[in-house]
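# Survey of secondary and tertiary structure
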Amino acid sequence: MITEGEIDALSVFQSGVKALSMPNGAKNLEWIEYDWERLQQFRVIYLALDNDDLGQLATMGVLQRLGEHRCKLVDWGDFKDANECLCKAGEAAVVDAIVSAKYKKPKDLKNLCAMMM
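Summarised in this report is the structure supplied together with it. Counting of residues starts from 1 at the beginning of each chain's written sequence and follows it residue by residue. Local features are withheld for residues below a pLDDT of 70 in this predicted model, meaning they are given only at 70 or higher, and side-chain atom pairs are given and counted only at 80 or more; totals for whole chains, interfaces and linings count all residues. Processing note: side-chain calculations cover all non-hydrogen atoms of the structure and skip hydrogens and water entirely.

This next bit is on the pattern of salt bridges. In the sections that follow, a salt bridge refers to a side-chain nitrogen of Lys or Arg positioned within 4 Å of a carboxyl oxygen of Asp or Glu. Counted under the stated rule, the structure contains six salt bridges. Two residues, Asp50 and Lys80, come together in a salt bridge whose shortest N-O distance is 2.9 Å. Remark: Lys80 occurs in the loop between β4 (71-73) and α4 (82-89) and Asp50 occurs in the loop between β3 (45-48) and α3 (53-66); sequence separation between them is 30 residues. Each residue is placed in one exposure class: buried if its accessible area under a 1.4 Å probe, protein chains only, is under 20% of its type's maximum, exposed if it is over 50%, and partly exposed if it falls in between. A relative accessible area of 5% means that Asp50 is categorised as buried. For Lys80, a relative accessible area of 36% translates into the label partly exposed. Between Glu84 and Lys88 there is a salt bridge whose closest N-O contact spans 3.3 Å. Here the residue Glu84 and the residue Lys88 both occupy positions in helix α4, the gap between them amounting to four residues, near one helical turn. According to the relative accessible area criterion, Glu84 is partly exposed, its value standing at 21%. Ionic contacts of the salt-bridge type, sharing partners, join the residues Asp50, Asp52, Lys80 and Asp81 into one network. Numbering of helices and strands runs from the N terminus, with a helix taken as a DSSP run of H or I at least four residues long and a strand as a DSSP run of E at least two residues long.

What follows is the structure, encoded as structure tokens:
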């Protein structure tokens, strides 16, 4: 799991899930180049970035670099990030958000059953 900040990584870890933080937050994605070989060992990567404009922009950048097919997105719902989720709703809510993570749906994906009716 990759979070946007160190406190978020610690919040996720407190909830029982191992996490790493992006160095320098959402503003700098150069870390991907330096950690590319290490990242290749993971088939699925959970992205748990902040639920704000900068975090969502960084999420799109990371998805493009690592591949949408291997990144599940954690949705913090009404909370800004993992730390706020932990503080306001507890460890179970953090775990629930992680378990509920989903892959980004392609824009042109269509439901075949709906098309046949």
